[in-house]
Amino acid sequence: VGAMFERIGDEFGRLDVLVNNAGIGVEGNPELTKKFNQRLARQAEEAMSGGPIETHLDLTVELSDEDWLRMLAVHLNGTFFCSREALKLMNAQNSGCIINLGSIMGTAGGAGLAHYCAAKGGILAFTRSLAREVVSRGIRVNALAPGFIETAMTSSLVEARPLIEGATPMGRLGEPDDIAWAAVYLASDEAKFVTGQTLSPNGGYHMSQ
């Protein structure tokens, strides 16, 4: 990461925008994904039938140390490492914009996704803290908390997809452009009075404030 930002400094002499967008989901563990899909669908069927809930997700108790640590490393550590190096360039110019990718799972939470929610929640808290720290240098820090978007990450949620669409007032998953244009707004001068905020394009899946 340090070498990457050093190269940016050498080639361009400045850095105006950083978007921390690297992330993984449960699809990195096929067995965990299979359990999540099957148990969630079965639990929903039991709930809709009016009977007692006999299927429990139990994914946190089955989560390995490796899966927990990798999730935090990619999302939270990655956001920190890239932001730290980017600020070495932005601080020198007293300007810049950092956009961190959180998730509605970091604001509303999600059953069976404790490691993902913890990582995304950490990113949102990091965003607010950093925004207060660097505002004196004219640097803005904001976050995006997308809902479920049509990407490779959500393609594995086969059984869960009807439940997700049913819980989304717009009745569908979002498109990558829905998030990209939100990032363009936060990076632009149109958002010059916006810092420490979380913008959440999610089709109404989670509503707050």
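Preceding block: the structure.
Draft legend 1. Expanded view of the overall build of the protein chain. A count of helical and extended segments in the protein chain gives seven helices and four strands. When the helices and strands of the protein chain are placed in sequence order, the string is α-β-α-α-α-β-α-β-α-α-β. The C-alpha radius of gyration computed for the protein chain amounts to 19 Å, which stays within 12% of the reference 17 Å derived for 209 residues, consistent with globular compactness. Projecting the C-alpha coordinates of the protein chain onto the three principal axes gives extents of approximately 60 × 35 × 25 Å. The long-range share in the protein chain, meaning contacts at least 24 apart out of those at least 6 apart in sequence, stands at 74%. Across the protein chain, the centroid of the 17 positively charged side chains sits 6 Å from that of the 24 negatively charged ones.

Draft legend 2. Quick look at the sheet that holds strand 2 (residues 96–101). Taking strand neighbours across the sheet as the criterion, the four strands line up as 1-2-3-4 in an open arrangement whose pairing is parallel. Each having just a single partner strand, strand 1 (17–20) and strand 4 (198–199) make up the two edges of the open sheet. In this sheet, strand 2 lies alongside strand 1 in parallel orientation, the contact comprising four bridges. Bridge pairing links Asn20 to Asn100 in strand 2.

Draft legend 3. Structural detail: the packing of aromatic side chains. All chains considered together, the criterion is met by three aromatic pairs. Consider the rings of Phe80 and Phe81, whose centres lie 5.5 Å apart with planes at 55°: the pair is tilted. Three or more aromatic residues link up through ring pairs in this structure, and these residues are Phe80, Phe81 and Phe126.

Draft legend 4. Inspection of the state of the cysteines at higher detail. Under the criterion given, the structure shown has zero disulfides. We note that Cys82 lacks a disulfide partner, and the nearest cysteine sulfur, in Cys97, lies 15 Å from it. Take Cys82: its relative accessible area is 17%, and that puts it in the buried class.

Draft legend 5. Looking closely at unusual backbone geometry. Although it is not a glycine, Asp58 sits at a positive phi angle of roughly 50°. Residue classification places Asp58 among the partly exposed residues on the basis of a relative accessible area of 45%. Even without being a glycine, Asn94 presents a positive backbone phi close to 55°. Note on placement: Asn94 falls in the loop between helix 4 (65–93) and strand 2. Relative accessible area serves as the criterion here: at 44%, Asn94 is assigned to the partly exposed category.

Draft legend 6. Layout of the pairing of strand 2. Here strand 2 lies mainly inside the structure; six of its six residues are buried. Along strand 2, one buried face is formed by Gly96, Ile98 and Asn100 and the opposite face, lined by Cys97, Ile99 and Leu101, is buried too. Where strand 2 meets strand 3 (residues 139–144), six bridges bridge the pair, whose relative direction is parallel. The partner of Ile99 across the bridge, within strand 3, is Asn142. Viewed along the sheet, the connection from strand 2 through helix 5 (residues 114–134) into strand 3 turns out right-handed.

Draft legend 7. Focus on the environment of Val17. As for its placement among the helices and strands, Val17 is situated in strand 1. Residue Val17 is classed as partly exposed on the basis of its relative accessible area of 34%. Taking the C-alpha atoms as reference points, Val17 and Glu62, 45 residues apart in sequence, are found 39 Å from one another.

The rules behind each value
Residues numbered from 1 in each chain as written. Predicted model: local features only at pLDDT ≥ 70, side-chain atom pairs only at ≥ 80, totals over all residues. Heavy atoms only, no water. Helix = DSSP H or I, 4+ residues; strand = E, 2+ residues; numbered from the N terminus. Rg over C-alpha atoms; globule rule 2.2 N^0.38 Å. Contact = heavy atoms within 4.5 Å. Lys, Arg positive; Asp, Glu negative; His and termini not counted. Charge placed at Lys NZ, Arg CZ, Asp CG, Glu CD. Pairing = 2+ DSSP bridges. Phe/Tyr/Trp six-rings, centres within 6.5 Å; stacked < 30°, edge-to-face > 60°. Disulfide = S-S within 2.5 Å. Buried < 20%, exposed > 50% of the residue type's maximum accessible area, 1.4 Å probe, protein only. Right-handed = clockwise from strand over helix to strand, strands pointing away.

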